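Structural overview
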Amino acid sequence: LQYLGCFTDSGNRALPAPAPGTTHIPKSCQAACLQLDASCIYSGVQYFGQCFCGATLGTGSPAVETDCNTPCNANSKYMCGGPYHNSVYKWEE
């Protein structure tokens, strides 16, 4: 799992496929994305543990890391993006 950085999001989601659940950390989000669709190699955790997925990086723009400083509810050692900001990861086998 490769961290790509903090990216902006909007109501028109940069990573368009939401994964079920709101208590994700980066690894569980990526697993949920691959379960949704094997082509969803990009995952983004956002706002305490939401998870969004996509086959491409989508429309988000790079943002400063301080915009992605919301700790994940499930494990506060991980950062889960922020309001309308994704901590984006790419799956690598």
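Attention here is on the structure that accompanies the text. All figures in this text were calculated on a predicted structure; none of them were measured in a lab.

Concerning the pattern of salt bridges
Enumeration over the complete set of coordinates arrives at one salt bridge. Residues R13 and D9 are paired through a salt bridge, measuring 2.8 Å at the closest nitrogen-oxygen approach. A relative accessible area of 25% means that R13 is categorised as partly exposed. A relative accessible area of 11% means that D9 is categorised as buried.

Some details on the nonpolar core
Within the largest apolar cluster, twelve residues are counted, these being A19, I25, C29, A32, C33, C40, V45, C51, C53, C72, C80 and Y89. Within the residue set of this core, elements represented by two or more residues are α1 (26-36) and β4 (50-54). Looking at this core element by element, the count peaks at three residues for α1.

Some points on the state of the cysteines
Applying the stated rule across the entire model yields four disulfides. One disulfide bridge connects C33 with C53, the sulfur atoms lying 2.0 Å from each other. The chirality of the disulfide connecting C33 with C53 is left-handed, given an S-S dihedral of about -80°. In this pair, C33 sits in helix α1 while C53 sits in strand β4, placing the two residues 20 residues apart along the sequence. The side chain of C72 participates in a disulfide bridge whose partner is C80; the two sulfur atoms lie 1.9 Å from each other. Its S-S torsion of about 95° marks the bond between C72 and C80 as right-handed, since a negative value means left-handed. Summarising the burial analysis for this pair, C72 and C80 share the class buried.

Brief notes about the sheet that holds strand β2 (residues 17-18)
Read from one edge to the other, the open sheet built from five strands follows the order β1-β5-β3-β4-β2, with strand pairing classed as antiparallel. Of all the strands in the sheet, the pair left with one neighbour each is β1 (2-8) and β2. Note that β1 and strand β5 (residues 85-90) share six bridges and pair antiparallel. Residue pairing in the sheet places Q2 in a bridge with K90 of β5. Docked against the sheet, α1 engages β2, β3 (42-46), β4 and β5, running at close to 130° with respect to β3.

Criteria and thresholds
Residues numbered from 1 in each chain as written. Predicted model: local features only at pLDDT ≥ 70, side-chain atom pairs only at ≥ 80, totals over all residues. Heavy atoms only, no water. Salt bridge = Lys/Arg side-chain N within 4 Å of Asp/Glu carboxyl O. Buried < 20%, exposed > 50% of the residue type's maximum accessible area, 1.4 Å probe, protein only. Core = buried A, V, L, I, M, F, W, Y, C linked by side-chain atoms within 4.5 Å. Helix = DSSP H or I, 4+ residues; strand = E, 2+ residues; numbered from the N terminus. Disulfide = S-S within 2.5 Å. Pairing = 2+ DSSP bridges. Contact = heavy atoms within 4.5 Å. Axes fitted to C-alpha atoms, helices over the stretch in contact; angles between N-to-C directions.

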